[in-house]
Amino acid sequence: MLLRHTPKDVVERSALMINPAKTCQPIGAMYAALGVHGCLPHSHGSQGCCAYHRSTLTRHYKEPVPAATSSFTEGASVFGGQANLLQAIDNIFTVYEPEVIAVHTTCLSETIGDDLKQIADKAMKEGKIPEGKTVIGAPTPSYVGSHVTGFSNMVKAMAELGARSGKKNGKVNIIPGWVEPADMLEIKRLAAMTGVDTTMFPDTSGILDAPLTGEYTMFPAGGATVADLRGSGDAIGTLALGEWCSADAARLLDTRCKVPCTVLDMPFGLAATDRFINILRTVGGTTVPDSVMHERGQLVDMISDMHQYFYGKRVAIWGDPDQLISMCEFLVSLDMQPVYVVTGTPGSRFEARIKEICAGQPYEVKVRAKGDMFLMHQWIKNEPVDLLIGNTYGKYIARDEDIPFMRWGFPILDRQGHQYFPTVGYKGGLRLLEKMLNLILDRKDRDAPEPSFELVL
């Protein structure tokens, strides 16, 4: 099959990555920028870079992704791209009339040393930024970090707009991290049910899950407004969901605007959602309503009813660090065994968290930050698993090793629905259980001999 030549012998590699479990910073920055109302992402580099970033997001979300580029040629590659960006800012505001331009760099412009803040200041002085319009920027070189790093850097640039007026607005900032538009909508729904007034940024709900109306709208109605971003400095607190994606922005608001921040795990699964709801009601000064407890009870009920099918199942999982931490905790709570865990994003803290979550379990967890899918496949070849969880790039391993595969994370290029159905919160936990359970029971039916082929499982 496609990967049948992957060897079982694991050899440590220091300079070579094969099938990386990540993509580049600008993709994360572009996704974050789309979560601001009226924002046009801008790639400060070559046309090819921008085309790749847009196409990856379009293939995942099945939506048109608008973005502009500085269109570097040989001259800009040698002498710098300031002139290109100044002209681009002028053209974009004149032709497309966005509220915000969110500029991210690429390998080329970072290597040259272009200073986005200096260029934006120059554009302002030259009158290229109309009154009431905004330009933000984030350094996102592709040769370090990952798409998660780029997302974090752009969200931090949004937080820099936060300002103190001297009067608190009674809102709680929620920085959701890199999750689907449906997840952001679900987080806002849970907050509203709990009676907490929130400002979420970025917020791609209503943008990358917009309805088909027959008319193209470059800037859909969703997203956090510039007023929301500026008002984040007057909030009573910030909840950052995910250390890698959201913490830097929250800590910036804490330092600059004295908005107390709490960094939480993403609310995937029962325990992480419990912690989110508890901190949310504490910061917001409310109580948890019966409607939220009802949803929690439904999740607990399904875990109890179906536990025997999850028990002892070995899982290989890969993706972004913030998502993996909460998902592994959820799997352990189901008595499943996340034996192989890989992220392409660097960070020794990730490995420590996963080992902490799996401490005391009757199996050894193999975890790797800055790892790749080749290593994951080698581990599986040496000792198979019952279930794969990760993005579309795992389908080759699933086919070659004949293992059930649940698509989850980014990017998902060959299936639909992930942008519409949340996997965070209690309702999202039910969705995750359903997806895993169906795969496990489908395999049970497929492999069952005639005497064990049961109508009711």
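Everything numeric here is computed off the predicted structure, so don't read it as measured data.

S.K.: Can you help me understand the sheet that holds strand β12 (residues 387-390) in this one?
M.R.: Sheets are built from strands paired through backbone hydrogen bonds, the pairs being either parallel or antiparallel. Reading across from one edge, β11-β10-β9-β12-β13 is the order of the five strands in this open sheet, with parallel pairing throughout. Unpaired on one side and paired on the other, β11 (366-369) and β13 (405-407) mark the two borders of the sheet. Taking the axes of each pair of neighbouring strands and ignoring which way they run, one obtains an average angle of 15 degrees across the sheet. With three bridges connecting them, strand β9 (residues 314-318) and β12 associate as parallel partners. Residue pairing across strands places I317 opposite I389, the latter belonging to β12. Lying over the sheet, helix α13 (residues 321-333) contacts β9, β10 (337-343), β12 and β13, oriented at roughly 180 degrees with respect to β10. Helix-sheet contacts for helix α15 (residues 373-382) involve β9, β10, β11 and β12, and the interaxial angle to β10 is about 155 degrees.

S.K.: When you look at the environment of A352 in this model, what are you seeing that I'm missing?
M.R.: Among the structural elements, A352 can be located in helix α14 (residues 348-357). Sequence separation of A352 and V367 is 15 residues, and the distance between their C-alpha atoms is 9.0 Å.

S.K.: What's the story with helix α1 (residues 25-33) in this structure? I'm lost.
M.R.: Helical geometry note: an α-helix holds 3.6 residues per turn, so side chains three or four residues apart project in the same direction. Among the nine residues in α1, nine count as buried, and that is most of the element. Listed as buried for α1 are Q25, P26, I27, G28, A29, M30, Y31, A32 and A33. The secondary structure elements touched by the buried residues of α1 are β1 (39-44), α2 (47-61), β3 (100-105), α7 (147-159) and α8 (181-193).

S.K.: Help me understand the pairing of β11, please; the structure alone is not making it clear to me.
M.R.: Alternating positions in β11 separate cleanly, V367 and A369 being buried on one face and K366 and R368 remaining unburied on the opposite face. Two elements, β10 and β11, share four bridges in a ladder whose sense is parallel. Paired with Y340 across the bridge in β11 is K366. Taken together, β10, α14 and β11 constitute a β-α-β crossover, and its handedness is right-handed.

Thresholds, definitions, all that
- Residues numbered from 1 in each chain as written.
- Predicted model: local features only at pLDDT ≥ 70, side-chain atom pairs only at ≥ 80, totals over all residues.
- Heavy atoms only, no water.
- Pairing = 2+ DSSP bridges.
- Helix = DSSP H or I, 4+ residues; strand = E, 2+ residues; numbered from the N terminus.
- Axes fitted to C-alpha atoms, helices over the stretch in contact; angles between N-to-C directions.
- Contact = heavy atoms within 4.5 Å.
- Buried < 20%, exposed > 50% of the residue type's maximum accessible area, 1.4 Å probe, protein only.
- Right-handed = clockwise from strand over helix to strand, strands pointing away.

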